Amino acid sequence: MDSQPAGSGHIEVDRVTKTYASDAGDIQALDAIDLDIAPRELVTIVGPSGCGKSTLLRCIGGLIPPSEGRVLIDGEVVTEPDPRIGYVFQRAVLLPWRTVEKNVLLPFEIGGRPTSKDRKSVHEALEMVELSEYAKLRPAELSGGMQQRVAVARALVTEPSILLMDEPFGALDAQTRDSMNVELLRIWQEAKPTIVFVTHDIGEALFLSDRVVVMTARPGRVHEVVEVDIPRPRTFELVEGDKRFWALRHRIRAAL
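Since this is a predicted model, take the numbers as computed values, not measurements.

Caption draft 1: Region of the structure containing the pairing of strand 3 (residues 42-46). Here strand 3 lies mainly inside the structure; 5 of its 5 residues are buried. Relative to strand 9 (residues 211-215), strand 3 runs parallel, the two being bridged by 4 bridges. Within the sheet, the bridge partner assigned to Val43 lies in strand 9 and is Arg211.

Caption draft 2: Structural view of the pairing of strand 9. Across the 5 residues of strand 9, 5 count as buried, placing the element largely inside the fold. Neither face of strand 9 is exposed, since Arg211, Val213 and Met215 on one face and Val212 and Val214 on the opposite face are all buried. Examined bridge by bridge, strand 9 and strand 10 (residues 222-227) share 5 bridges and lie antiparallel to one another. Residue pairing for strand 10: Met215 is matched across the bridge by Val222. Counting the residues in the hairpin turn of strand 9 and strand 10 gives 6 residues.

Caption draft 3: Spatial organisation of the sheet that holds strand 7 (residues 162-166). Sheet architecture is open: 6 strands sit in the order 6-7-8-3-9-10, paired in mixed fashion. Among the strands making up the open sheet, the edge pair consists of strand 6 (85-88) and strand 10. The sheet shows a mean angle of 15° between the axes of neighbouring strands, taken without regard to direction. Summarising the sheet, strand 6 and strand 7 pair through 4 bridges and their orientation is parallel. Bridge pairing links Tyr87 to Leu164 in strand 7. Helix 4 (residues 144-156) contacts strand 6 and strand 7 of the sheet and is inclined by roughly 170° relative to strand 6. Sheet strands touched by helix 5 (residues 174-191): strand 3, strand 7 and strand 8 (194-198). Its angle to strand 8, the strand with the most contacts, is close to 160°.

Caption draft 4: Molecular detail of the sheet that holds strand 1 (residues 11-20). Taken in spatial order, the 4 strands of this open sheet run 2-1-4-5, and their pairing is antiparallel. Each having just a single partner strand, strand 2 (27-37) and strand 5 (76-77) make up the two edges of the open sheet. Sheet topology places strand 1 next to strand 4 (residues 68-73); 5 bridges connect them, and they run antiparallel. From the neighbouring strand, Val13 faces strand 4, where its bridge partner is Val71.

Caption draft 5: Just helix 5, in detail. Taking 1.5 Å as the rise per residue, helix 5 with 18 residues should run 26 Å; its terminal C-alpha atoms sit 25 Å apart, in good agreement. Two or three places before Gln175, at the opening of helix 5, Asp173 has a side-chain oxygen 3.2 Å from that residue's backbone nitrogen. In the stretch just after helix 5, Lys192 is the one whose phi turns positive, near 55°.

Caption draft 6: Structural detail: helix 3 (residues 116-128). Its 13 residues give helix 3 an end-to-end C-alpha distance of 18 Å, which sits within 8% of 18 Å, the value for a rise of 1.5 Å per residue. Buried within helix 3 we find Asp118, Ser121, Val122, Glu124, Ala125, Leu126 and Met128. In this structure, the buried residues of helix 3 make contact with helix 2 (100-110), helix 4 and helix 5. Among the residues trailing helix 3, Glu130 stands out with phi positive, at a value near 60°.

Caption draft 7: Representation of the nonpolar core in the model. Core analysis: the biggest nonpolar cluster contains 52 residues, and Val104, Leu126, Met165, Ile195, Leu206, Val212 and Ile252 have the highest contact counts within it. When residues of this core are assigned to their parent elements, the largest contribution, 7 residues, is made by helix 4. Apart from the residues lying within four places of it in its own chain, the contact partners of Ile252 are Val46, Ile202, Leu206, Val212, Val214 and Val226.

Caption draft 8: Fine view of the side chain of Arg154. Along the chain, the position of Arg154 falls in helix 4. Buried within the structure, Arg154 lacks any salt-bridge partner; Glu109 is the closest side chain of opposite charge, at an N-O distance of 10 Å. Of note is the side chain of Arg154, whose polar atom sits 2.9 Å from the backbone oxygen of Ala92. Once residues within four sequence positions are removed from consideration, Arg154 is found in contact with Ala92, Val93, Leu94, Asn103, Val104 and Pro107.

Caption draft 9: Spatial organisation of the pattern of salt bridges. Tallied over the full model, the rule gives 17 salt bridges. For Glu109, the salt bridge goes to Arg98, with nearest N and O atoms at 2.7 Å. With Glu109 in helix 2 and Arg98 in the loop between strand 6 and helix 2, the pair connects residues that are 11 residues apart, well separated along the chain. Under the relative-accessibility criterion, Arg98 is labelled buried at 14%. The salt bridge partner of Glu101 is Lys136, with a shortest N-O separation of 2.5 Å. Taken together, the residues span a long stretch of sequence, with Glu101 in helix 2 and Lys136 in the loop between helix 3 and helix 4 at a distance of 35 residues.

Criteria and thresholds
Residues numbered from 1 in each chain as written. Predicted model: local features only at pLDDT ≥ 70, side-chain atom pairs only at ≥ 80, totals over all residues. Heavy atoms only, no water. Buried < 20%, exposed > 50% of the residue type's maximum accessible area, 1.4 Å probe, protein only. Helix = DSSP H or I, 4+ residues; strand = E, 2+ residues; numbered from the N terminus. Pairing = 2+ DSSP bridges. Axes fitted to C-alpha atoms, helices over the stretch in contact; angles between N-to-C directions. Contact = heavy atoms within 4.5 Å. Expected span 1.5 Å × (residues − 1). Polar contact = N/O pair within 3.5 Å; in protein donor to acceptor, adjacent residues only side chain to side chain. Core = buried A, V, L, I, M, F, W, Y, C linked by side-chain atoms within 4.5 Å. Lys, Arg positive; Asp, Glu negative; His and termini not counted. Salt bridge = Lys/Arg side-chain N within 4 Å of Asp/Glu carboxyl O.

Structure follows, in structure tokens:
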């Protein structure tokens, strides 16, 4: 796989509002969200439950349309799912009857008959997440953390310039989650997509990101965007030993 994804991965969220109709009346999930995310930046989104974090991610990914406003990727308005965007959900959502390798091959099969180049990309994606030796196994034979690594490989195999991650490690135990965060930073340094990562965990947000977007309760608005000026490369020991980490954690907790 090319170490630089195609396209720059610049995301512009321009006054995005999202309202859902319900039997009880309209429910406003997002209110006039403005964000500008630079190419190859790693940004996390935190906020109270139900504040619209996942809704915002779906609008960015073209999975749902905004009620008002627009999302632009590299200057083009997003109107539908875009091949420049990879998505990782909270659950791995793997097909249980397919092997690891065939799960990662799926995006190419959806687009047509896979080529030898596509199969090479699958091999390289599995190498990137350090799962090559598990290629012939099925999801049930893997741990939860390994299944999520397969999901990351599947999202990266088409070399997207943007990776959207919706609480991808939320269902994992604390030790596995920490391991996956370290793994994600390694993959990000290697493939360098723009990453937008939704989480409830302030520590996770600060460990991973260049900036943390703090949202208000519903309807979700951007309350504050916090710059994370902790040097890279990061380890949990270095980050948690840095006074800036605790000051930023307190600032975000107060904002929430």
